[in-house]
Amino acid sequence: MEVSHSPFPVTRRPFTISSTSGDSVEIIFEVVGRGTEILAETEEGQSLRLLGPLGCGYRLNPGNWLLIGGGLGAAGFPGLAASIDCGLVLLGAASRDRLLTIPGFETVTITEDGSSGRKGLITDLLESVQWDSFSSIALCGPVPMMKAVIGMMPAEARANAQVSAEARMGCGWGACEGCSVPKAGGGFLKCCSDGPVFSVDSIDWERWEGIHHG
Ligand SMILES: Cc1cc2nc3c(=O)[nH]c(=O)nc-3n(C[C@H](O)[C@H](O)[C@H](O)COP(=O)(O)OP(=O)(O)OC[C@H]3O[C@@H](n4cnc5c(N)ncnc54)[C@H](O)[C@@H]3O)c2cc1C
Ligand code: FES
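The paragraphs below set out a description of the structure included in this document. (Residues numbered from 1 in each chain as written. Chains lettered and ligands numbered in written order. Predicted model: local features only at pLDDT ≥ 70, side-chain atom pairs only at ≥ 80, totals over all residues.)

### Focus on the sheet that holds strand 6 (residues 64-70)
Keep this limit in mind: When DSSP finds two or more bridges between two strands, those strands count as paired. Helix and strand assignments follow DSSP, with helices taken as H or I runs no shorter than four residues and strands as E runs no shorter than two, numbered in order from the N terminus.
If you trace the seven strands from one edge of the open sheet to the other, you get 9-8-7-6-10-11-14, paired in mixed fashion. Because the sheet does not close on itself, it has two edges, and the strands there are strand 9 (118-119) and strand 14 (197-199). As judged from the five bridges shared by strand 6 and strand 10 (residues 136-140), these two strands associate in the parallel manner. Bridging from a neighbouring strand, Leu66 pairs with Ile137 of strand 10.

Right, dumping it as structure tokens:
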């Protein structure tokens, strides 16, 4: 979903639909720049121009799911968890105030400062995961976090893992190529129209991490 508010920002900003109810959609967002600042300043009853839903979401395969989210990367998990057989949710964040809650599902949390759950990184929670009890995995968060998590997955789990990618977006429908994500084997995927959800192995993680550090 994208939200527009004139005269600034010129381009819309992409957000995940966190959950839906009747004709309402919920988004969960944090203020990081001017666009989200404007969004946070909107008042009840004010109109916004939205474009969406756009792109491809998680493939809702049958079987037991493991959800792994870093910070606001878990914004789409409430709706996802309600649509699948969700066995376990692992959530990590820098601190308690940046940690999402997914009510109604078994959730284990960890924070870098220890203000909620264990103190540490989400990868610390993976040591006790029984990977073979899950037939699908959903993963979302910052690129270095996702790369570290994938590095700890056995091959079979990795083959069943889907990631929700984040890239800066211009148009939102495949025209500007501003949202390119490096594709395994060469070339690029468009986050807005090929994704944002991709199978783990369709992404060239080395190149993508290089772009983020570059
Ligand atoms: C598919 C998708 C779904 C998203 N879902 C959510 C959501 O549910 N909740 C939420 O809070 N945010 C979400 N985001 C991120 C959100 O779009 C950005 O935070 C927002 O566009 C920032 O706009 P701004 O004008 O406030 O900040 P800007 O002034 O545009 O940027 C502020 C800072 O944030 C960085 N930044 C902005 N956008 C991104 C991005 N996409 N990836 C990495 N760094 C970025 C910039 O480099 C800059 O340092 C999503 C992004 C994508 C691509
Ligand atoms: S945002 Fe323009 S092609 Fe994806």
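### Focus: the nonpolar core
The criterion, for reference: A set of buried residues qualifies as a nonpolar core if it consists of Ala, Val, Leu, Ile, Met, Phe, Trp, Tyr and Cys joined through C-beta atoms within 7 Å. Any residue with 12 or fewer other C-beta atoms within 10 Å of its own C-beta is exposed, any with 20 or more is buried, and the rest are partly exposed; the C-beta atoms used are placed from the backbone. Throughout, a residue-residue contact means that the two C-beta atoms, derived from backbone geometry, are no farther apart than 7 Å.
Ranked by size, the top nonpolar core spans 45 residues in total, and within it Leu67, Ile68, Val89, Ala138, Leu139, Val163 and Cys191 carry the most contacts. For this core, the secondary structure elements donating two or more residues are strand 6, helix 2 (77-83), strand 7 (85-93), helix 3 (122-125), strand 10, helix 4 (143-151), strand 11 (161-164) and strand 14. Sort the elements by how many residues they give to this core and strand 7 lands first, with five residues. When residues no more than four places from it in sequence are discounted, the contact partners of Leu67 are Phe77, Leu80, Ala81, Cys86, Val89, Leu90 and Ala138.

### Here's the deal with the site of ligand 1
How we decide: All residues are tested the same way: a C-beta atom is placed from the backbone, and lying within 6 Å of a molecule or strand makes the residue near it. When residue character is reported, Ala, Val, Leu, Ile, Met, Phe, Trp, Tyr, Cys and Pro are called nonpolar, Asp, Glu, Lys and Arg charged, and the others, Gly included, polar. Domain extents, as shown, originate in an automatic or database domain assignment.
Residues in close proximity to ligand 1 total 22 residues, the closest being Phe29, Gly33, Gly35, Thr36 and Ala75. Those elements that provide at least two residues to the shell around ligand 1 are strand 2 (13-14) and helix 1 (34-41). Tallying contributions element by element places helix 1 first for the shell around ligand 1, with three residues. When grouped by side-chain class, the residues that make up the shell around ligand 1 number 13 nonpolar, four polar and five charged. Two domains each put at least three residues into the shell around ligand 1: domain 1 (2-51) and domain 2 (64-213).

### Some details on unusual backbone geometry
Going from Gly52 to Pro53, the amide bond is cis rather than trans, its omega being 0°. By the element assignment, Pro53 lies in the loop between strand 5 (49-51) and strand 6. The linkage connecting Gly195 with the following residue, Pro196, adopts the cis geometry, with an omega of 15°. Within the secondary structure layout, Pro196 lies in the loop between strand 13 (188-190) and strand 14.

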